[in-house]
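Examining the three-dimensional arrangement
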Amino acid sequence: MIEPTYNWYTGNKLKIGIYGESHSESIGVRLEGLDYDKLDVSALAAFMKRRAPGQNDWSTPRKEADEVIVDTLQKDLFTAHILNTNTKPHDYSNLLRTPRPGHADFTAKLKYGASFNSSGGGAFSGRLTAPLCAAGFLAKSYLAEKGITINAHIKSIAGVKDESYNFDNRAEEKAFLEKLADVPQKEFPVVDDAKGNLMKEAIAKARANNDSVGGTIEVVIQGIPGGIGGPIFEGIEARIAALCFAVPACKGIEFGNGFDSTELTGSTNNDSFIFDDSLQLKTNRCGGILGGISVGGTVAPIVFDVAVKPTPTISKEQATVDLETKENTTITVGGRHDPCIVPRAVPVYEAVAALALADFL
């Protein structure tokens, strides 16, 4: 068998390699350095199903089982692959010379030239988050044995906002976290199902208009020990952010109250320390991290949000340029795509957060 060509991320101890393309025969992952060799196959399948396409009206009609075929499972090495069984590369044959707005078509050609295959986005496709989730599940399982849990939900879609973590009032924290823990069992990953229905309506409207919508995802990490991370390049935020931006369509990340903190004074943004049976933060505007180092799960959980842009592949006619004739033209993209990436991206951000934290531990 020919050794796959991996795209690598190198952390403190972990190395993560992803190979394949949207319409290649298979896609896969190689995870080195995680001292963990246990795998709950049924739990892995359930986790992968949360990301899998073709299951409902708010995702792409492309159907893939996303069965993870484990090739190696031993301490310090995990390799696996997933077969692509429902590819339609001809859907993109007319895009080799007319780059799609919002995609990597143009910049990939600048870097790779004629060798770049734009079919389904090639190596830039969100399809590559499937093997990333397989590695992330292993990291999540490793963390769970240490009492560390990672849960996420849709925070907003098209301006419709779900119930979310309250940085200013920690009296609400326990009740919210209990509801958040139920989200992985839901088909549509929100805390407030009524808000979820409004989000589905917004997605349906965008699909009917041959368009798409974006949103935000909130991730909460509980049980992390204090003292994890470091200054400058060793900060938890930097490592989590690096892996979050490896996920296609990620356009921003904020920890704690993030950009909202710019509208506060230092005295109102700072989290006061209090002692109530144990050391606590009165508020958690810092999102559980100070100086790039975790305050510890018994003091405050880590909370961060990611911004997910609208799916760039849409059926609406768009302006572009014919790269060969140098003439202005328009394109109408066929193929299959999600009218909103956000619901399927929720487990992906749990996975990359788990990989970042497992690397520290």
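Up top you'll find the structure we're talking about.
Okay, the packing of aromatic side chains next. For the structure on display, the rule yields 7 aromatic pairs. Both rings, one in Tyr6 and one in Trp8, keep their centres 5.3 Å apart while their planes meet at 45°; by these two values the pair is tilted. Take Tyr6: its relative accessible area is 15%, and that puts it in the buried class. Seen in terms of ring centroids, Phe255 and Phe304 are 5.4 Å apart; in terms of plane orientation they differ by 40°. Their pairing is tilted. Note that Phe255 is positioned in strand β9 (residues 250-255) and Phe304 in strand β14 (residues 302-308), a separation of 49 residues in sequence. Note on accessibility: Phe255 and Phe304 belong to one class, buried. Positioned over the ring face of Trp8 is Lys15, at 4.4 Å from the centre of the ring.

Turning our attention to the sheet that holds strand β7 (residues 160-161). Strand order in the open sheet formed by 5 strands is β7-β6-β8-β14-β9, with antiparallel pairing between adjacent strands. Where the open sheet ends on each side, the last strands, each with one partner, are β7 and β9. When strand β8 (residues 215-222) meets β14, the two strands line up antiparallel, connected through 7 bridges. Paired with Ile221 across the two strands is Ile302, which belongs to β14. Running at roughly 160° to β9, helix α6 (residues 236-244) makes contact with β8, β9 and β14 of the sheet.

Attention now moves to the nonpolar core. Formed by 73 residues in total, the largest nonpolar core has its most connected members in Ile217, Ile221, Phe304 and Tyr349. For this core, the leading source of residues is helix α8 (residues 342-360), giving 14 residues. Excluding its chain neighbours within four sequence positions, the residues that come into contact with Tyr349 are Ile217, Val219, Cys244, Val247, Cys250, Val306 and Val308. Among the nonpolar cores identified, the runner-up in size contains 9 residues, and Tyr165, Phe167, Leu177 and Val303 belong to it.

As judged from the 4 bridges shared by strand β10 (residues 273-276) and strand β11 (residues 278-281), these two strands associate in the antiparallel manner. From the neighbouring strand, Asp276 faces β11, where its bridge partner is Ser278. Hairpin connection of β10 to β11: 1 residue between the antiparallel strands, including Asp277 at a positive phi of 70°.

Looking now at helix α1 (residues 41-51). Listed as buried for α1 are Leu44, Phe47, Met48, Arg50 and Arg51. For α1, the angular spread of the buried residues around the axis is 150°, confining them to a single face. Exposed side of α1, more than 90 degrees from the buried face: Ser42 and Lys49 are the residues found there.

An order of β1-β2-β3-β5-β4 is seen for the 5 strands of this open sheet, with the pairing classed as antiparallel. Each of the sheet's edge strands pairs with one partner strand only, and the pair in question is β1 (7-10) and β4 (69-74). The average undirected angle you get between the axes of adjacent strands in this sheet is 10°. The sheet contact formed by β1 and strand β2 (residues 15-19) spans 4 bridges and is antiparallel. Along β2, the bridge assignment pairs Thr10 with Lys15. Helix α3 (residues 129-144) contacts β2, β3 (26-32), β4 and β5 (77-83) of the sheet and is inclined by roughly 30° relative to β3.

Before going further, it helps to examine unusual backbone geometry. The general pattern is negative phi for most residues beyond glycine and trans for most peptide bonds. Here Ile232, not a glycine, exhibits a phi torsion of approximately 50°, which is positive. Mapped onto the elements of the fold, Ile232 is located in the loop between β8 and α6. On the accessibility criterion, Ile232 (70% relative accessible area) is exposed.

Quick notes on the rules
Residues numbered from 1 in each chain as written. Predicted model: local features only at pLDDT ≥ 70, side-chain atom pairs only at ≥ 80, totals over all residues. Heavy atoms only, no water. Phe/Tyr/Trp six-rings, centres within 6.5 Å; stacked < 30°, edge-to-face > 60°. Buried < 20%, exposed > 50% of the residue type's maximum accessible area, 1.4 Å probe, protein only. Helix = DSSP H or I, 4+ residues; strand = E, 2+ residues; numbered from the N terminus. Lys NZ or Arg CZ within 6 Å of the ring centre and 35° of its normal. Pairing = 2+ DSSP bridges. Contact = heavy atoms within 4.5 Å. Axes fitted to C-alpha atoms, helices over the stretch in contact; angles between N-to-C directions. Core = buried A, V, L, I, M, F, W, Y, C linked by side-chain atoms within 4.5 Å. Arc of directions from axis to C-beta.

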